[in-house]
Amino acid sequence: SYLSLIVLAVLVIAGFIGTRDPLENPLPLILWVGWWVGWTFLTALFGDLWHWIQPWHALDQLLRSLPGIDQSQTEPSIQYPVWLGYWPAVVFFMIFAWIELIHPSPMDPDLLATMVLLYMMLVSSGMLFFGKKKWLQYAEPFSVFFRMVGWISPLKWKAKGLKISGFRWPCSKLMEFSNVPFSGVVFILLVLSTVSFDGFSRTFWWMGLLGENPLEYPGRTKLMLPNTAGMFFTFLIFLLFYGLTQIQKTSNSEKGIKETGFIFSIIPIAFGYHFAHYLPNF
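About the thresholds
Residues numbered from 1 in each chain as written. Predicted model: local features only at pLDDT ≥ 70, side-chain atom pairs only at ≥ 80, totals over all residues. Heavy atoms only, no water. Phe/Tyr/Trp six-rings, centres within 6.5 Å; stacked < 30°, edge-to-face > 60°. Helix = DSSP H or I, 4+ residues; strand = E, 2+ residues; numbered from the N terminus. Buried < 20%, exposed > 50% of the residue type's maximum accessible area, 1.4 Å probe, protein only. Core = buried A, V, L, I, M, F, W, Y, C linked by side-chain atoms within 4.5 Å. Contact = heavy atoms within 4.5 Å. Axes fitted to C-alpha atoms, helices over the stretch in contact; angles between N-to-C directions. Parallel < 35°, antiparallel > 145°, perpendicular 65-115°, else oblique. Nonpolar A, V, L, I, M, F, W, Y, C, P; charged D, E, K, R; others polar.

Let's talk about the packing of aromatic side chains
Line of reasoning, step 1. According to the stated counting rule, one finds 37 aromatic pairs in the structure shown.
Line of reasoning, step 2. With 6.1 Å between their ring centres and 55° between their planes, Trp 52 and Trp 157 make a pair best called tilted. In this pair, Trp 52 is assigned in helix α3 (residues 50-53) and Trp 157 in strand β1 (residues 155-157), connecting sequence segments 105 residues apart.
Line of reasoning, step 3. What makes Trp 157 partly exposed here is its relative accessible area of 24%.

Laid out in structure tokens, this is it:
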């Protein structure tokens, strides 16, 4: 965790003072290609290694060593509300997807360095107020994302330490779960819908619908508004069609809605879309 925090700090510095060329600056290459794409591939194979090496453990430890800050990690300043569920992760992932898919310059090193710093401040505040365990379990979108992708891995890991305890059929761990809060359902559908829209937005049909010549790409700036609306409505359509398969639900409580657990079958599909869509870039 300390090593990954050091690497993150070096990448942020490189984003600010390094070359402006996004294909030569290490920050956009490692963030978008090595981490967001490559690490997701590794997670599907080897499980949620991100749980152990993510920089937030070290960051939380460093913050709590500062004078005037509560040293305890077991008693957070504010109890994480049960009703809040995965909703913070949904909001933060939506913002992340918008930057990646719609912002005019998501590869700009200076912009990325600024966004990473702001996000580090956000994660730091969340861990200090609500406790590291709850914040990483429910609110930090990448902890949630990699944990869910890790469920399809064929490897079994011991609860403590990086030790393999055995093997299983890929995706079989998904059958161990019976339900997930409604906000968790929304998060999984959001992951699938964003990568689906990214592929859909590149089609001739979508460009023609917007009145643009698909052979003369008008640029991301001109497409910001329609693509923002398209990504949002794609997400709503996924929610609608999933909801139609779950009409027997009788409760929307964050403590556990009465549903079939069908949402877990969406996770391998979301990873399949992610793998197929990003493999050429990788």
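From this point, the narrative continues.
A short note on the nonpolar core
Line of reasoning, step 1. With 72 residues, the main nonpolar core has Trp 35, Trp 36, Trp 56, Trp 135, Phe 187, Ile 263 and Ile 267 as its most contacted residues.
Line of reasoning, step 2. Sorting elements by how many residues they give to this core places helix α9 (residues 182-200) first, with 10 residues.
Line of reasoning, step 3. Leaving out residues up to four positions away in the same chain, Phe 187 has contacts with Ala 89, Val 90, Phe 93, Pro 141, Val 144, Phe 145 and Met 148.

Points about the packing of helix α6 (residues 109-130) against helix α7 (residues 132-139)
Line of reasoning, step 1. Viewed as axis vectors pointing N to C, α6 and α7 meet at an angle of 125°, and their least axial separation amounts to 7 Å. With respect to each other, α6 and α7 are oriented oblique. Taking contact as the criterion, the partners of Leu 122, Val 123, Gly 126, Met 127 and Phe 130 in α6 are, on α7, Lys 132, Lys 134, Trp 135 and Leu 136.
Line of reasoning, step 2. Broken down by class, the residue content of the contact of α6 with α7 amounts to six nonpolar, one polar and two charged.

So, unusual backbone geometry
Line of reasoning, step 1. A positive phi angle is found at Cys 171, which is not glycine, with a value near 75°.
Line of reasoning, step 2. Structurally, the position occupied by Cys 171 is in the loop between β2 (164-167) and α9.
Line of reasoning, step 3. Taking the relative accessible area as the measure of exposure, Cys 171 reaches 27% and is therefore partly exposed.

Topic: α7
Line of reasoning, step 1. Within the sequence span of α7, burial applies to Lys 132, Trp 135, Leu 136, Tyr 138 and Ala 139.
Line of reasoning, step 2. Contacts made by the buried residues of α7 are with α4 (56-64), α5 (87-101), α6 and α8 (141-150).

Considerations on the packing of α5 against α8
Line of reasoning, step 1. Where α5 contacts α8, the two axes come as close as 8 Å, and the packing angle between them is 95°. With respect to each other, α5 and α8 are oriented roughly perpendicular. Judged by residue contacts, Ala 89, Phe 92, Phe 93 and Phe 96 of α5 engage Pro 141, Phe 142 and Val 144 from α8.
Line of reasoning, step 2. Across the contact of α5 with α8, the residue classes tally to seven nonpolar, no polar and no charged.

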